[in-house]
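Structural characterization, general
Below are the chains, spelled out letter by letter.
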Amino acid sequence: MLEDNGSIRTLSVDIGGSGVKAMVLDITGKPLTERGRLETPQPATPEVVINTVVVLAASQGEYHRVSVGFPGVVRSGVTESAANLHCDWIGFDLATILSARLNKPVKVINDADMQGLGAIAGKGVELVITLGTGFGSALFVDGKLVPNMEMGHHPFRKGETYEEQLGRAALDKIGEKKWNKRLQKAIASLQHLFNYDYLYIGGGEAVRINMNLPLNVKLIPNITGLLGGIALWKD
């Protein structure tokens, strides 16, 4: 049994629709390695994505346990939805199978939830949204996660969901200016819906944001999705 001391190294993995990222964190959540990234193989079936994680893991040196952020609903290590990956992920026991491949304990959580764990202050109502291939979301109340809130697939405007209006496909189609206008509307809509104290915006496309954000809205770097990995082991 590992003692909970400063030498425990956590491999943190972020599975995305376009890229799989990994890095090793120390017990406090500080990075010990350079972030590794590989393109998400297409079609993104469990087998090829797991192979990609195994390759990344081998390049990251020594680690004792693994945290994975996955773009979909996750319950007890089983992936229940995967809108931006392959349908074979539905009902797939990622934690057990990856643990067998890496021979290490593995915990899996929704990717936006993991990003949020790396970003939040732990006070009041805090909402996290991630803008990438899709639209991820996580809600925290006094630091406690409300799990698997897949808000991206809820109606937003003009009969379309947040993901359909603000995902990467929409951004490529309508351009940054229109996308920013939509995002501004989404921020206002979410403020009315959740009355959050703080909103954090992350994900690969957050760099495209070009507007004056309200004082209680903060941009978080994409690496936060990996930094949240340490929190999965804090009971």
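Described below are features of the structure shown in this document. Values in this document were obtained by computation on a predicted structure and should not be read as measured data.

1. What to know about the environment of Ile 109
Its location among the elements puts Ile 109 in strand β8 (residues 106–110). Since its relative accessible area comes to 14%, Ile 109 is described here as buried. A sequence separation of 21 residues divides Ile 109 from Thr 130, and the C-alpha atoms of the two residues are 15 Å apart. Excluding anything up to four places from it in sequence, Ile 109 contacts Val 68, Gly 69, Phe 70, Val 74, Met 114, Leu 117, Leu 145 and Leu 232.

2. A few points about the sheet that holds strand β2 (residues 19–25)
The strand order β3-β2-β1-β4-β8 describes an open sheet built from five strands, whose pairing is mixed. Edge positions in the sheet fall to β3 (36–39) and β8, since each of these pairs with one other strand and no more. Neighbour-to-neighbour, the strand axes of this sheet turn through a mean angle of 15°, independent of strand direction. In this sheet, β3 lies alongside β2 in antiparallel orientation, the contact comprising four bridges. Across the sheet, Lys 21 pairs through a bridge with Arg 37, a residue of β3. Here helix α2 (residues 94–102) sits on the sheet and contacts β1 (10–15), β4 (65–70) and β8; the angle it forms with β8, its principal contact strand, is near 140°. Sheet strands in contact with helix α3 (residues 111–119) are β1, β4 and β8, and its direction is about 95° off that of β8.

3. Side note on the packing of helix α1 (residues 46–58) against α2
Packing of α1 against α2 leaves a shortest axis separation of 11 Å and a crossing angle of 45°. The orientation of α1 relative to α2 falls into the category oblique. The element α1 and its partner α2 pack so that their crossing is right-handed. In this structure, α1 uses Ile 50, Asn 51, Val 53, Val 54 and Ala 57 to contact α2, whose residues at the interface are Leu 94, Ile 97, Leu 98, Arg 101 and Leu 102. Of the residues contributing to the contact of α1 with α2, the split by class is eight nonpolar, one polar and one charged.

4. Section: the packing of aromatic side chains
What the rule picks out here adds up to five aromatic pairs. With a centroid separation of 4.9 Å and 50° between ring planes, the pair formed by Phe 70 and Trp 89 is classed as tilted. Taken together, the positions of Phe 70 in strand β4 and Trp 89 in the loop between β6 (78–79) and β7 (92–93) put the pair 19 residues apart, joining distant regions of the chain. On the basis of relative accessibility, which here comes to 0%, the residue Phe 70 falls in the buried class. Between Tyr 198 and Tyr 200 the ring centres are 5.6 Å apart and the planes differ by 20°, which places this aromatic pair in the stacked class. A relative accessible area of 34% places Tyr 198 in the partly exposed class. When its relative accessible area of 4% is taken as the criterion, Tyr 200 is described as buried. Among the aromatic residues, those joined into a cluster by ring pairs are Phe 70, Trp 89 and Phe 92. The side chain of Lys 104 reaches across the aromatic face of Tyr 63, ending 5.4 Å from its centre. The ring of Trp 233 carries the charged tip of Lys 107 above its face, separated from the ring centre by 4.6 Å.

What counts, and at which threshold
Residues numbered from 1 in each chain as written. Predicted model: local features only at pLDDT ≥ 70, side-chain atom pairs only at ≥ 80, totals over all residues. Heavy atoms only, no water. Helix = DSSP H or I, 4+ residues; strand = E, 2+ residues; numbered from the N terminus. Buried < 20%, exposed > 50% of the residue type's maximum accessible area, 1.4 Å probe, protein only. Contact = heavy atoms within 4.5 Å. Pairing = 2+ DSSP bridges. Axes fitted to C-alpha atoms, helices over the stretch in contact; angles between N-to-C directions. Parallel < 35°, antiparallel > 145°, perpendicular 65-115°, else oblique. Left-handed = near helix turned anticlockwise from the far one by under 90°. Nonpolar A, V, L, I, M, F, W, Y, C, P; charged D, E, K, R; others polar. Phe/Tyr/Trp six-rings, centres within 6.5 Å; stacked < 30°, edge-to-face > 60°. Lys NZ or Arg CZ within 6 Å of the ring centre and 35° of its normal.

In short, geometric facts, not functional conclusions.
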